[in-house]
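Fold and geometry: a report
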Amino acid sequence: MRESLALALGDAGFEVSTAGNGKEALELLQTREFDVLITDMWMPEMDGLRLLKEIRGKNPAMRIFGITGGGPRLTIETMSSLAEIWGAERVFLKPFDDDDLIAAIEAPRGDASGNG
């Protein structure tokens, strides 16, 4: 999923860096600045919700989009709600269309709903 999404974003003209989990993402964020973060909500070592909390404490202005297909502890709806509370602009439910995510990234901040 990560690799195919990176390819789609690269094809859309974005410069892409990838991380295998939340800890790797935090390490990348210490080396350079990013405009947008896309995180899976269920990852090994550090889940997306904890990653959101860490980022919001250090970079409250970063645009963040979540993706989820559910997980063992919380329902998809609960995880999506928590992600939005902690600052995800939008949470995409797997499977989703890469073009919808790209459109949300390209949309002005606050208009990532896909509703125009």
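One numbering rule holds for all chains: residues counted from 1, following each sequence as written. Totals for whole chains, interfaces and linings use every residue, but because this is a predicted model, local features are given only for residues with pLDDT of at least 70 and side-chain atom pairs only at 80 or more, for both listing and counting. To obtain the side-chain values, all non-hydrogen atoms of the structure were used and water was disregarded.

Section: the pattern of salt bridges
To keep it simple, the criterion reads: The salt bridge criterion pairs a side-chain nitrogen of Lys or Arg with a carboxyl oxygen of Asp or Glu, the two atoms within 4 Å. Numbering goes from the N terminus for both helices and strands, where a helix is a DSSP run of H or I of at least four residues and a strand is a run of E of at least two. Categorising residues by exposure relies on relative accessible area from a 1.4 Å probe, with only protein chains included: less than 20% of the type maximum marks a residue as buried, more than 50% marks it as exposed, and the intermediate range marks it as partly exposed.
Within this structure, the stated rule accounts for 4 salt bridges. Two residues, R32 and E15, come together in a salt bridge whose shortest N-O distance is 3.1 Å. Here R32, found in the loop between α2 (22-31) and β1 (36-40), pairs with E15, found in the loop between α1 (2-11) and α2; they are 17 residues apart in sequence, far enough to count as distant. The exposure class of R32 is partly exposed, given its relative accessible area of 34%.

Considerations on the packing of α2 against helix α3 (residues 48-58)
Note the following rule: All axes are obtained by fitting lines to C-alpha atoms, using only the stretch in contact for helices, and the reported angles, taken between N-to-C directions, cover 0 to 180 degrees. An angle below 35 degrees is read as roughly parallel, one above 145 as roughly antiparallel, one from 65 to 115 as roughly perpendicular, and any other as oblique. For a crossing to be left-handed, the near helix must be turned anticlockwise from the far one by less than a right angle; the clockwise case is right-handed. Residue contacts are counted whenever heavy atoms from the two residues lie within 4.5 Å of one another. Under the scheme applied here, ten amino acids are nonpolar (Ala, Val, Leu, Ile, Met, Phe, Trp, Tyr, Cys and Pro), four are charged (Asp, Glu, Lys and Arg), and all others, including Gly, are polar.
Contact geometry of α2 with α3 gives a least axis separation of 9 Å together with a crossing angle of 20 degrees. Taken together, the axes of α2 and α3 lie roughly parallel to each other. Like other packed secondary-structure pairs, α2 and α3 cross with a definite hand, here right-handed. Side by side, α2 and α3 meet where G22, A25, L26 and L29 of the first sit next to L51, E54 and I55 of the second. For the contact of α2 with α3, the class distribution of residues is 5 nonpolar, 1 polar and 1 charged.

Quick word on helix α5 (residues 98-106)
Selection criterion: Note that the arc is defined by the directions from the helix axis to the C-beta atoms. Polar contact criterion, stated in full: a pair of N or O atoms within 3.5 Å, where within protein one must be able to donate a hydrogen and the other to accept it, and residues adjacent in sequence count only if both atoms are side-chain atoms.
Here α5 has its buried residues at L101, I102, A104 and I105. Looking straight down α5, one finds its buried side chains confined to an arc of 160 degrees; they lie on one side. Turned more than 90 degrees from where α5 packs its buried face, D99 and E106 sit exposed. In this structure, the buried side of α5 is in contact with α1, β1, β2 (63-68) and β3 (90-93). One side-chain oxygen at the N-terminal end of α5 lies 2.8 Å from the backbone nitrogen of D99; it belongs to D97.

Considerations on the confidence of the model for the chain
Convention followed: One number per residue, pLDDT, summarises how confident the predictor is, and it ranges from 0 to 100.
Mean pLDDT over the chain works out to 86, with 88% of the residues at or above the 70 mark. Within the chain, helix α4 (residues 76-85) has the poorest average pLDDT of any element, 75, and α5 the best, 95.

What to know about the side chain of D47
Tracing the backbone shows D47 in the loop between β1 and α3. From its side chain, D47 meets the backbone nitrogen of L49 in a polar contact 3.1 Å long.

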